[in-house]
Amino acid sequence: WAKSAGKGRWALFDPDRNATEVAQFHLSAKMPAALEREEFYVDYQPLIGLRDFCVVGVEALVRWAHPELGRLGPDRFIGLAEETGLIVPLGRWVLRQACRQAKQWQDEFGSAAPFVSVNLAVRQSRDPKLVDDVAAILAETGLEPSRLQLELTESAIMGTADEPLDALRALSRMGVRIAIDDFGTGYSNLAYLRHLPVHELKIAGSFMEGLRDAERADPVDARIVGTLVDLAHALGLTVTAEGVETQAQARRMADIGCETGQGYLFARPGSPVDITAFIAEHLD
Ligand code: C2E
Ligand code: MG
Ligand code: MG
Ligand code: MG
């Protein structure tokens with residue numbers, strides 16, 4: 001009968017939930033100062049060409065080196081930052097870091113340099129200053145616009161008002177690549193996709209589950225993934241498979257024409273130093 005007492009009251013009597021909320025509140029409150037003190041840092045994970053195993057791109061993934069709690073992954077704080085709005089300055093900071101890093105790769109590796117792929121939260125995609133911010137950061141860092149990709153989830157891109165779409169079109173005209181992240185987990189109006197300024201679909205890692213072993217591949221997962229890749233190609237988009245952990249998954253995705261893969265099989269997210277070494281060993 002606890003539920004019939006109403007959600008709010010139930011929460012009062014749930015010590016675990018209460019503790020979690022207090023902890024979350026503390027994290028939220030500490031984030032602005034943490035951003036000032038540069039407690040956040042960015043790891044990078046390669047996107048690998050499934051035909052030649054060269055590094056095509058690198059995704060920027062933010063982390064928080066919390067002075068008491070140690071290293072926190074984005075799942076601990078991105079949602080909170082979205083709620084408080086801190087995601088806008090935090091996201092801008094990540095974008096600047098990532099563009100600076102990618103500029104170093106541009107200088108070091110020339111035409112073989114990977115693009116950097118940066119996650120954009122829903123709130124950032126609705127921020128009226130987004131296009132100006134991106135343009136300013138590209139100008140300031142000297143990174144070629146074609147070496148920047150922005151990842152948005154389906155919910156950030158679909159069924160939105162016109163303004164965010166106009167922003168994406170403006171970014172696309174600048175030469176910035178747009179990717180849909182975790183594709184297949186949200187709701188997408190597939191017909192609508194063709195009107196969006198999108199260059200790449202990233203197929204969510206959950207679809208890789210059924211392809212883990214070659215002998216025991218799940219036929220439904222295999223067909224869904226094949227259909228998604230065909231759809232992307234029909235729309236002129238490239239495809240990245242996320243969460244590739246086994247050889248069988250990489251092989252299957254290559255067989256159905258998926259261009260790139262990202263996952264622990266190839267490389268875990270790592271520091272700029274480690275990932276720079278990885279790129280140098282896997283140059284186009
Ligand atoms: P995402 O954008 O889908 O990023 C991929 C996530 O999958 C990363 O988790 C990565 O470490 C993890 N991953 C990579 N390969 C594998 C694999 O083979 N197996 C498994 N099981 N996982 C793999 P991470 O770094 O914890 O990031 C989680 C999410 O946090 C990201 O998902 C993204 O949505 C969000 N995020 C990360 N950085 C940022 C950021 O700067 N801004 C925003 N708005 N969101 C971010
Ligand atoms: Mg992503
Ligand atoms: Mg993803
Ligand atoms: Mg995600």
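Above this text sits the structure in question.
Residues numbered from 1 in each chain as written. Chains lettered and ligands numbered in written order. Predicted model: local features only at pLDDT ≥ 70, side-chain atom pairs only at ≥ 80, totals over all residues. Heavy atoms only, no water.

### Here's the deal with the pairing of strand S6 (residues 177-183)
Heads up, the rule is: Throughout, exposure labels follow a simple rule: accessible area from a 1.4 Å probe, protein chains only, divided by the maximum for the residue type, with under 20% read as buried, over 50% as exposed, and the rest as partly exposed. Only runs of H or I of at least four residues qualify as helices and only runs of E of at least two qualify as strands under DSSP, and these elements are numbered from the N terminus. Note: two strands are recorded as paired if DSSP finds a minimum of 2 bridges between them.
For S6, the tally of buried residues reaches 5 of 7 residues, placing the bulk of the element in the interior. Sheet analysis places strand S5 (residues 148-153) next to S6, joined by 5 bridges and oriented parallel. Residue pairing for S6: Leu152 is matched across the bridge by Ile180. Bridge count between S6 and strand S7 (residues 200-203): 3 bridges; the pairing is parallel. Bridge assignment links Phe183 to a residue of S7, and that residue is Ile203.

### Some words on the side chain of Thr276
Quick reminder of the rule: Here a polar contact is recorded for every N or O atom pair within 3.5 Å, except that within protein the pair must consist of a potential hydrogen donor and a potential acceptor, and residues adjacent in sequence are included only if both atoms are side-chain atoms. For this analysis, residues touch if any pair of their heavy atoms sits within 4.5 Å.
One can find Thr276 in helix H12 (residues 272-281). In terms of polar contacts, Thr276 uses its side chain to reach the backbone carbonyl oxygen of Pro272, at 2.6 Å. The residues touching Thr276, leaving out its near neighbours within four places in the chain, are Gln101, Trp105, Glu108 and Phe109.

### Points about the layout of surface pockets
Note the cut-off: Here a cavity is any set of points on a 1 Å grid over the protein atoms alone where a 1.4 Å probe fits but cannot get out, and a pocket is any open set with protein on both sides within 12 Å along at least 5 of 7 lines; a residue lines the site when it has an atom within 4 Å of a point. Grid points are joined across faces, edges and corners, and a volume is the space filled by probe spheres set on the points. Under the scheme applied here, ten amino acids are nonpolar (Ala, Val, Leu, Ile, Met, Phe, Trp, Tyr, Cys and Pro), four are charged (Asp, Glu, Lys and Arg), and all others, including Gly, are polar.
Computed from the structure, the largest pocket encloses a volume of approximately 940 Å³. Contributing to the lining of the largest pocket are 38 residues, with Glu59, Leu61, Pro74, Asn119 and Asp181 lying nearest its centre. Broken down by secondary-structure element, the contributors of at least two residues to the lining of the largest pocket are strand S2 (55-66), helix H3 (74-84), helix H4 (87-109), strand S4 (115-119), helix H5 (122-125), S5 and S6. Looking at the lining of the largest pocket residue by residue, the classes come out as 17 nonpolar, 10 polar and 11 charged.

### Observations concerning empty space enclosed by the protein
Applying the stated criterion across every chain yields a total of 1 cavity of 30 Å³ or more. Computed from the structure, the largest cavity encloses a volume of approximately 70 Å³. If you go around the largest cavity, the residues you meet are Val88, Gly91, Arg92, Leu95, Gln124, Asp127, Leu130 and Asp133. Those elements that place two or more of their residues in the lining of the largest cavity are H4 and helix H6 (130-141). Ranked by residues supplied to the lining of the largest cavity, first place goes to H4 with 4 residues.

### As for the environment of Pro89
You can see Pro89 is positioned in helix H4. According to the relative accessible area criterion, Pro89 is partly exposed, its value standing at 31%. In sequence terms Pro89 and Gln124 are 35 residues apart; their C-alpha atoms lie 9.1 Å from each other.

### Comments concerning the coordination of the magnesium ion (ligand 3)
Filter applied, for reference: For Na, K and Ca the donor cut-off is 3.2 Å; for every other metal, N, O and S atoms count as donors within 2.8 Å. Water does not enter the count, which can leave sites looking incomplete.
With distances of 2.0 to 2.6 Å, the protein atoms coordinating the magnesium ion (ligand 3) are Asp181 (OD), Asp182 (OD), Glu242 (OE) and Glu242 (OE). Distance-wise, the magnesium ion (ligand 2) is placed 3.8 Å from the magnesium ion (ligand 3), both being coordinated by Asp181. Of this pair, Asp181 sits in strand S6 while Glu242 sits in the loop between strand S8 (238-241) and helix H11 (247-255); the two residues are 61 residues apart in sequence, bridging distant segments of the chain.

### So, the packing of aromatic side chains
Threshold: Ring pairs are drawn from Phe, Tyr and Trp, using the six-membered ring of Trp, whenever the two centres fall within 6.5 Å, and their geometry is named by plane angle: stacked under 30 degrees, edge-to-face over 60, tilted for the rest. Criterion for a charge above a ring: Arg CZ or Lys NZ at most 6 Å from the ring centre, at most 35 degrees from the ring normal.
Applying the stated rule across the entire model yields 5 aromatic pairs. Considering the side-chain rings of Tyr44 and Trp105, the 5.4 Å spacing of their centres and the 80° angle between planes classify their relative orientation as edge-to-face. Of this pair, Tyr44 sits in strand S1 (residues 40-49) while Trp105 is found in helix H4, placing the two residues 61 residues apart along the sequence. The same class applies to Tyr44 as to Trp105, namely buried. An angle of 85° between the planes, with centres 5.8 Å apart, marks the rings of Trp64 and Phe77 as edge-to-face. Here Trp64, found in strand S2, pairs with Phe77, found in helix H3; they are 13 residues apart in sequence, far enough to count as distant. Of the two residues, Trp64 and Phe77, both sit in the buried class. Through pairs of rings, three or more aromatic residues link up here, namely Phe40, Trp64 and Phe77. A cation over an aromatic ring shows up here: Arg177 above the ring of Phe115, its NZ or CZ 4.7 Å from the ring centre. The lysine or arginine in question, Arg268, covers the ring of Tyr264, its NZ or CZ lying 3.8 Å from the ring centre.

### Points about the packing of H4 against H6
Short version of the rule: Axis definition: a line fit to C-alpha positions, over the contact stretch in the case of helices; interaxial angles, taken between N-to-C directions, run 0 to 180 degrees. Note on convention: near helix rotated counterclockwise from far helix by under a right angle means a left-handed crossing. Clockwise means right-handed.
Where H4 meets H6, the axes come as close as 9 Å, and the angle between the chain directions of the two elements is 30°. Our pair here, H4 against H6, has a crossing hand that is right-handed. Packed against H4, whose contacting residues are Arg92, Leu95, Arg96, Cys99, Arg100 and Lys103, the element H6 presents Asp133, Val134, Ile137, Leu138, Glu140 and Thr141 at the interface.

### As for the side chain of Gln149
Here Gln149 lies in strand S5. Of note is the side chain of Gln149, whose polar atom sits 2.8 Å from the side chain of Ser117. Those residues in contact with Gln149 that sit more than four places away from it in its chain are Phe115, Val116, Ser117, Val118, Arg177, Ala179 and Glu200.

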